[in-house]
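Residue-level structure breakdown
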Amino acid sequence: MIPHGVRLEPRKGVPLKNGIVRLPGPEPVSAPQTFAPLKKNAGPSRIIAAAEKAGIVDESDGMPLGKKLSRLARRGPGLLIARCFDEDPCTSSARAVFREDAEKVAAGLKLAARACGAEEKRLAVASRGEARRLRGLRLGIPAVVAGRRYPAGILLMRKLCRNGGRAAFLGAQACAALADAAREGKPQSETVVTVAGDGVRRPVNCRVRIGTPVEKVLRLAKPEEDVRIAAVGSAVAGRTVRDLSLPVTAATRCVIALRDAPPERRYPCIRCGRCARACPAGVIPWLVYRELESGDPDPLLFFHAGDCAGCRACNAVCPSGIDLAAEVRRAAARKEGGEG
Amino acid sequence: MNLRNAAPPFVRAEPTSASMLRTVLFALCALLVIPTVRYGIRPLTMAGVSVLTCLVCEILANLLRTGGFSVTDPSFAVTGLVLALLMPLNAPLWLPCASGAFAVLVAKAPFGSFGRNPFNPAAAGAAFAALCWPGLMFTYFDPSEPFRLPAFADCTFRTGVSAAATLKNGLKPDILPLDMLWGEAAGPLGTGAALVVGACALLLLFSRAAHWQAPVCFLAVCALLAALFPRIACSPLTSVKYELLSGSLLFGGVFLVSDPVPAPYTASGKGIYGAFAGAALMAFRHFGVCEQGAWFAVLLANAASPLIDRAVFRVRGWEEKPHG
Ligand code: SF4
Ligand code: SF4
């Protein structure tokens, strides 16, 4: 099965030309604790140490950058890619960071590539237009266009790794933070968050101090009174929060406010086969679901269930509203449990 | 702000099952317009009683199965409308009721209702009626002289010979192609107007309410077989024209074959399924006794669809292979 992904309609998003708004931090801020900037030709271990000291977290997977880089250094990735595109249709924080300072992202990527010994590096951008813009900047790093289909990251990774190559992603914000740490000895203290959804009147990309309560970020976008759902992380695979005093973390890429909960009505599977075409990991969700429903599942039919990446593309396409990702996870757990 | 928890995804990409069914319903209603304008409100009463029967049967079945009244999806209305459209307009009103009851109570509910039925309920209902009352299913009034049919009463009429029956007898139908495009010929209520059916097909396709694989393969195979083995002495192209426009072939292709529930899951499986239904239909036309048998062909293909799925699995190596 060739994975197709899902074409998600672009939503009323944040106009990128508005740039990034800065949310004023809580007054008197303690001066950022600094450390010595890196020398021009610092070695890998120094770069990794700087990433650790700066406390950088990769927003694309929530992993500390220092740990990620040292792990990558051991494995030796062929290709290191900075994610300058956003997967879900409501978010634009990565694109906004890239628009604002592509040079800084590129510099961070170069440092990271040196730290983990990657042979090649690329900037993965959202569209052909962005790629052209990048070429105009002459940063010396080639672009690669991530498709429009969700989940673009996993699909791009599959494409690049098809011939046995190895590749790894870094978040654009993590790259920029690494560049800052190396140049100025600044720790990562801020993150860029998209606030969007039909529950806000003024969607924005804002730069906020890490640890700011979600409520403050949300208020910046002028939320409507009747917001029912606040989701963080992603509009497709994120999670809802009910307590708005929770802090924003480096991995919070977006806050989505919605006035209506998604419909929860479920229908039986109508056998359209769309979930299998959408899945980037080669799982056949309807097969897994049917087997689990049958009461006597045959683990041999849990085809690739263990490879599920949790992207929830299958949920997004299923016309019957079945929570296929949860079913696949259940099946994978069963298989792991040795019942197979 | 009164926040709730909900499960992702918060954006969805596709129409829901219910909205797909609603689109199909809309398309079916569009087919009722021309007959209503031409023959009075009898088409509407026929569709109405048919849908009502299906609704009552659905509620009955739900009561028996779950003890609840609620009808969760509009699939019963699709069944009812398709059945009414497959009947001749002059048939007594109890005919669509009887076949609707059969469709819901025998072909759908025992298997677990919508989404689990292995056969298309409307096709099963129509096949039931054609087997039990062939006389009523295959006599059509002659629409050449304009007149209005009574809304409820049984009607007396001059019978006409449908294009499908003429073809069955090995003769060339004496009907202008233009009349066939607008459905102004003896035939089932809703299946004649080829242009409207075609427009409905486009609507279903572009609103993503139906997949294209099965209907396209179905029509392609039908056209191919009609060109290769014409039943009447004429050029292949004429044969294709008459075969495609006569009987309920086009209607069956758009509304019966495209039903995803009894079809295979995989896209390639759906193509094979459509082709199989097309071949079966042409075989029925050549060798069967009825003048048309789209529903028999669809039922046959429905029965084969688990096998088709299994075959596709084998070929793709999706089965009997430990995870690796
Ligand atoms: S959540 Fe898992 S099964 Fe569903 S599309 Fe993503 S990878 Fe495939
Ligand atoms: S997308 Fe949903 S309805 Fe379609 S085959 Fe998959 S599980 Fe069934």
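Residues numbered from 1 in each chain as written. Chains lettered and ligands numbered in written order. Predicted model: local features only at pLDDT ≥ 70, side-chain atom pairs only at ≥ 80, totals over all residues. Heavy atoms only, no water.

Per the counting criterion, the structure on display carries nine aromatic pairs over all chains. Between Phe102(B) and Phe128(B), the aromatic rings sit 4.0 Å apart at their centres with planes inclined by 0°, giving stacked as the arrangement. Pair noted here: Phe102(B) is in helix H4 (residues 94-108) and Phe128(B) is in helix H5 (residues 121-132), with a separation of 26 residues, a long-range link. Taken together, the ring pairs in this structure connect Trp94(B), Phe102(B), Phe128(B) and Trp133(B) into an aromatic cluster. Lying over the aromatic face of Phe169(A), Arg83(A) brings its terminal NZ or CZ to 4.9 Å of the ring centre. It is Lys241(B) that lies over the ring of Tyr242(B); its NZ or CZ is 5.3 Å from the centre. (Phe/Tyr/Trp six-rings, centres within 6.5 Å; stacked < 30°, edge-to-face > 60°. Helix = DSSP H or I, 4+ residues; strand = E, 2+ residues; numbered from the N terminus. Lys NZ or Arg CZ within 6 Å of the ring centre and 35° of its normal.)

All names here are of chain A. Annotation of chain A at the domain level lists domain 1 (35-184), domain 2 (190-258) and domain 3 (274-337). Inter-centroid distance (C-alpha atoms) of domain 1 to domain 2 is 24 Å. The interface of domain 1 with domain 2 comprises 15 residues on the first partner and 16 residues on the second. Note on domain 1 versus domain 2: buried area summed over both sides is about 1,200 Å², and carbon and sulfur give 56% of it. Applying the counting rule to domain 1 against domain 2 returns one salt bridge. In this structure, the salt-bridge partner of Arg207 is Glu100, at a minimum N-O distance of 3.1 Å. (Domains from an automatic or database assignment. Contact = heavy atoms within 4.5 Å. Buried area = accessible area lost by both parts, 1.4 Å probe. Salt bridge = Lys/Arg side-chain N within 4 Å of Asp/Glu carboxyl O.)

Attention now moves to helix H10 (residues 213-228) of chain B. Residues and elements named next belong to chain B. Over its 16 residues, H10 extends 22 Å from the first C-alpha to the last, a length consistent with the 22 Å expected when each residue adds 1.5 Å. Looking at H10, one finds that the buried residues are Gln213, Ala214, Pro215, Phe218, Val221, Cys222, Ala223 and Ala226. Turning to H10, the residues buried within the fold contact helix H11 (236-245), helix H12 (249-256) and helix H13 (267-287). (Expected span 1.5 Å × (residues − 1). Buried < 20%, exposed > 50% of the residue type's maximum accessible area, 1.4 Å probe, protein only.)

Residues and elements named next belong to chain B. Its location among the elements puts Glu243 in helix H11. A distance of 2.9 Å separates the side chain of Glu243 from the side chain of Arg285, its partner in a polar contact. Apart from residues lying up to four places away in sequence, Glu243 is in contact with Leu167, Ala226, Arg231, Leu249, Met282 and Arg285. (Polar contact = N/O pair within 3.5 Å; in protein donor to acceptor, adjacent residues only side chain to side chain.)

One frequent convention defines the size of an interface as the accessible area lost when the parts assemble. With 58 residues of chain A at the contact, the number on the chain B side is 42 residues. For the pairing of chain A and chain B, the buried interface totals around 4,600 Å² over both sides, and the portion due to carbon and sulfur atoms is 60%. Taken together, chain A and chain B are joined by zero salt bridges. For the side of chain A that touches chain B, the secondary-structure elements that each account for two or more residues are strand E8 (229-232), strand E9 (239-240), helix H10 (285-293) and helix H11 (313-317) of chain A. Broken down by element, the side of chain A that touches chain B gets its largest block of residues, four residues, from H10(A). Here the residues of the side of chain A that touches chain B are counted per class, giving 35 nonpolar, eight polar and 15 charged. (Nonpolar A, V, L, I, M, F, W, Y, C, P; charged D, E, K, R; others polar.)

As a further point, take the pattern of salt bridges. Applying the stated criterion across every chain, the model contains 20 salt bridges over all chains. Put simply, Asp226(A) and Arg259(A) hold a salt bridge, and the shortest N to O gap is 3.3 Å. Note that Asp226(A) is positioned in the loop between helix H8 (214-220) and E8 and Arg259(A) in the loop between strand E10 (254-258) and helix H9 (274-278), a separation of 33 residues in sequence. In this structure Asp226(A) comes out as partly exposed when scored by relative accessible area, which is 32%. The shortest N-O distance in the salt bridge between Glu243(B) and Arg231(B) comes to 2.8 Å. Linking Glu243(B) in helix H11 with Arg231(B) in the loop between H10 and H11, this pair joins segments that are 12 residues apart in sequence. Just as Glu243(B) is buried, Arg231(B) falls in that class too. Via salt bridges that share partners, Asp58(A), Asp61(A) and Lys68(A) belong to a single interconnected network.

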